[in-house]
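# Fold and geometry: a report
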Amino acid sequence: MATLVALYKTPSDAQAFDAHYTSTHAPLAKKMPGVRSYTVSAGPVSVAQGESPYHLVALLQFDSLDAIQSALGSPEGQATAADLANFAQAGVELLMFDTRDA
């Protein structure tokens, strides 16, 4: 398995961000080929020290890193990426990695 983590920075208008994310962005992302699971943070995102720069975290599971890259390059992935400009002006960091049981 492999995971894509999207760390969304705190927007200036959290209500507008949440409304767009829920109604538009998440449905787009769920259409990307190969998505096995899609979960998001509920409530505030904390960090170990200081104030968190993050508003929302999304975790998308795929079969492999190649599957993530393929999904991002697909028409659905391109539409999802293009939508970021509509609500994520504060920025988003994407992390991708293989996973294993520890």
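Figured I'd write up the structure that's included with this text. (Residues numbered from 1 in each chain as written. Predicted model: local features only at pLDDT ≥ 70, side-chain atom pairs only at ≥ 80, totals over all residues. Heavy atoms only, no water.)

### Focus on the side chain of His-55
Mapping His-55 onto the fold places it in strand 3 (residues 54-62). Judged by relative accessible area, His-55 falls into the buried class, the value being 19%. Engagement of the side chain of His-55 in a polar contact is seen with the side chain of Asp-18, the distance being 2.7 Å. With sequence-adjacent residues up to four places away left out, His-55 is seen in contact with Tyr-8, Lys-9, Thr-10, Pro-11, Ala-14, Phe-17, Asp-18, Ser-41, Gly-43 and Val-45. (Helix = DSSP H or I, 4+ residues; strand = E, 2+ residues; numbered from the N terminus. Buried < 20%, exposed > 50% of the residue type's maximum accessible area, 1.4 Å probe, protein only. Polar contact = N/O pair within 3.5 Å; in protein donor to acceptor, adjacent residues only side chain to side chain. Contact = heavy atoms within 4.5 Å.)

### Quick look at the packing of helix 2 (residues 65-73) against helix 3 (residues 75-83)
The angle between the axes and the distance between the axes are what describe a pair of packed helices. Two numbers describe how helix 2 lies on helix 3: the axes approach to 4 Å, and their chain directions differ by 70 degrees. One way to sum up the angle between helix 2 and helix 3 is to call them roughly perpendicular. On the side of helix 2, the interface is formed by Ala-71, Leu-72 and Gly-73, while helix 3 contributes Pro-75, Gly-77 and Gln-78. In terms of residue class, the contact of helix 2 with helix 3 is made up of three nonpolar, three polar and no charged. (Axes fitted to C-alpha atoms, helices over the stretch in contact; angles between N-to-C directions. Parallel < 35°, antiparallel > 145°, perpendicular 65-115°, else oblique. Nonpolar A, V, L, I, M, F, W, Y, C, P; charged D, E, K, R; others polar.)

### Describing the nonpolar core
By size, the foremost hydrophobic cluster in this structure holds 18 residues, and its most contacted members are Tyr-8, Tyr-21, Ala-58, Leu-60 and Phe-62. Taken together, the elements giving at least two residues each to this core come down to strand 1 (2-9), helix 1 (14-30), strand 3 and helix 2. The next biggest cluster of nonpolar side chains, apart from the first, holds five residues, and it includes Leu-7, Val-45, Tyr-54 and Val-57. (Core = buried A, V, L, I, M, F, W, Y, C linked by side-chain atoms within 4.5 Å.)

### With respect to the environment of Ala-71
Turning to its location among the elements, Ala-71 is positioned in helix 2. Put simply, Ala-71 and Asp-83 are 12 residues apart on the chain and 15 Å apart in space, counted from C-alpha to C-alpha. The contacts of Ala-71, once residues within four sequence positions are left out, are Met-32, Pro-33, Phe-62 and Gly-77.

### Remarks on the sheet that holds strand 4 (residues 92-98)
If you trace the four strands from one edge of the open sheet to the other, you get 2-3-1-4, paired in antiparallel fashion. Each of the sheet's edge strands pairs with one partner strand only, and the pair in question is strand 2 (37-40) and strand 4. For this sheet the average axis-to-axis angle between neighbouring strands, irrespective of direction, equals 15 degrees. Relative to strand 3, strand 1 runs antiparallel, the two sharing eight bridges. Within strand 3, the residue paired with Thr-3 across the bridge is Gln-61. In the packing of helix 1 onto the sheet, the strands contacted are strand 1, strand 2 and strand 3, and the crossing angle to strand 3 comes to about 10 degrees. Relative to the sheet, helix 2 contacts strand 1, strand 3 and strand 4, its axis offset from that of strand 4 by approximately 145 degrees. (Pairing = 2+ DSSP bridges.)

### Points about the packing of aromatic side chains
This structure, assessed with the given rule, holds six aromatic pairs. Measuring from centroid to centroid gives 5.6 Å for Tyr-8 and Phe-17, while their planes differ by 70 degrees, and the two rings are edge-to-face. For Phe-17, a relative accessible area of 2% gives the class buried. Consider the rings of Tyr-8 and Phe-87, whose centres lie 5.9 Å apart with planes at 40 degrees: the pair is tilted. Taken together, the positions of Tyr-8 in strand 1 and Phe-87 in the loop between helix 3 and strand 4 put the pair 79 residues apart, joining distant regions of the chain. Put simply, the rings of Tyr-8, Phe-17, Tyr-21 and Phe-87 pair up and form one aromatic cluster. (Phe/Tyr/Trp six-rings, centres within 6.5 Å; stacked < 30°, edge-to-face > 60°.)

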